[in-house]
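Architecture and fold: a report
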Amino acid sequence: MDDCLFCKIAAGQIPSDKLYEDDMLLAFRDIDPQAPVHFLVIPKKHIASAAVLTEEDGALLGHVFAVIAKLCRELGCDESGYRVVTNIGEDGGQSVKHLHFHVLAKRSLAWPPG
Ligand code: 5GP
Ligand code: ZN
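Note that the structure is a prediction, hence the values are computed from the model and not measured. (Residues numbered from 1 in each chain as written. Chains lettered and ligands numbered in written order. Predicted model: local features only at pLDDT ≥ 70, side-chain atom pairs only at ≥ 80, totals over all residues. Heavy atoms only, no water.)

**Observations concerning the nonpolar core**
Applied cut-off: Put simply, a nonpolar core is a bunch of buried Ala, Val, Leu, Ile, Met, Phe, Trp, Tyr and Cys residues held in one set by side-chain atoms that sit within 4.5 Å of each other. Here the term buried applies to any residue with accessible area under 20% of the maximum for its type, exposed to any over 50%, and partly exposed to those in between, with areas from a 1.4 Å probe on protein chains only. Counting from the N terminus, the helices are DSSP H or I runs at least four residues long and the strands are E runs at least two residues long. By the convention used here, residues are in contact when the closest approach between their heavy atoms is within 4.5 Å.
Core analysis: the biggest nonpolar cluster contains 18 residues, and F39, V41 and I68 have the highest contact counts within it. When residues of this core are traced back to their parent elements, those giving at least two are β2 (25-29), β3 (37-43), α2 (58-74) and β5 (101-105). In terms of residue count, α2 provides more of this core than any other element does, six residues in total. Beyond its immediate stretch of four places on either side in the chain, F39 contacts L19, A27, F28, R29, D30, L71, C72, L75, F101, H102 and V103. Counting ten residues, the second-largest nonpolar core is a separate cluster that includes A10, L26, L40 and V96.

**So, unusual backbone geometry**
Of the consecutive residues W111 and P112, the connecting peptide bond is found in the cis state with omega at 0°. As for its placement among the helices and strands, P112 is situated in the segment after β5.

**Remarks on the pairing of β3**
The condition is simple: Between any two strands, pairing holds if DSSP finds at least two bridges.
The buried count for β3 comes to seven of seven residues, which makes it a mostly enclosed element. Side chains V37, F39, V41 and P43 of β3 all project onto a buried face; the interleaved residues H38, L40 and I42 project onto the opposite face, where all are buried too. Examined bridge by bridge, β2 and β3 share five bridges and lie antiparallel to one another. Each residue of the ladder has a partner; that of A27, found in β3, is V41. Relative to β5, β3 runs antiparallel, the two being bridged by five bridges. Its bridge partner being in β5, H38 is matched across the sheet by L104.

What follows is the structure, given as structure tokens:
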């Protein structure tokens, strides 16, 4: 999508601090980190949010979580733990309308979220 920030990041038109990239996905550090480790994983194709995922996206989602687990091992937060969050819509706190998974780690995270 032409006016989508994360499509531009996925296409390399806007720079990002990349942690992982392949044909399907990009992982990069959040510009406003909320934990010592805070990165985002996005599909390269534009999907507005998790609310529009279908059964056909199963392989993509499996890949997302496999990449998250691999990065968390590499970043040394697999044993201490981490949180994966995807915000949906206004009440969910979604500010960028391109599906993304936040991964937060290296501090104790409160529950329930605010
Ligand atoms: P949301 O609020 O939609 O769940 O999350 C969007 C996230 O994208 C926020 O955590 C925000 O800090 C991050 N973000 C917004 N613009 C940029 C950017 O240009 N670069 C990077 N790396 N992160 C961004
Ligand atoms: Zn997009």
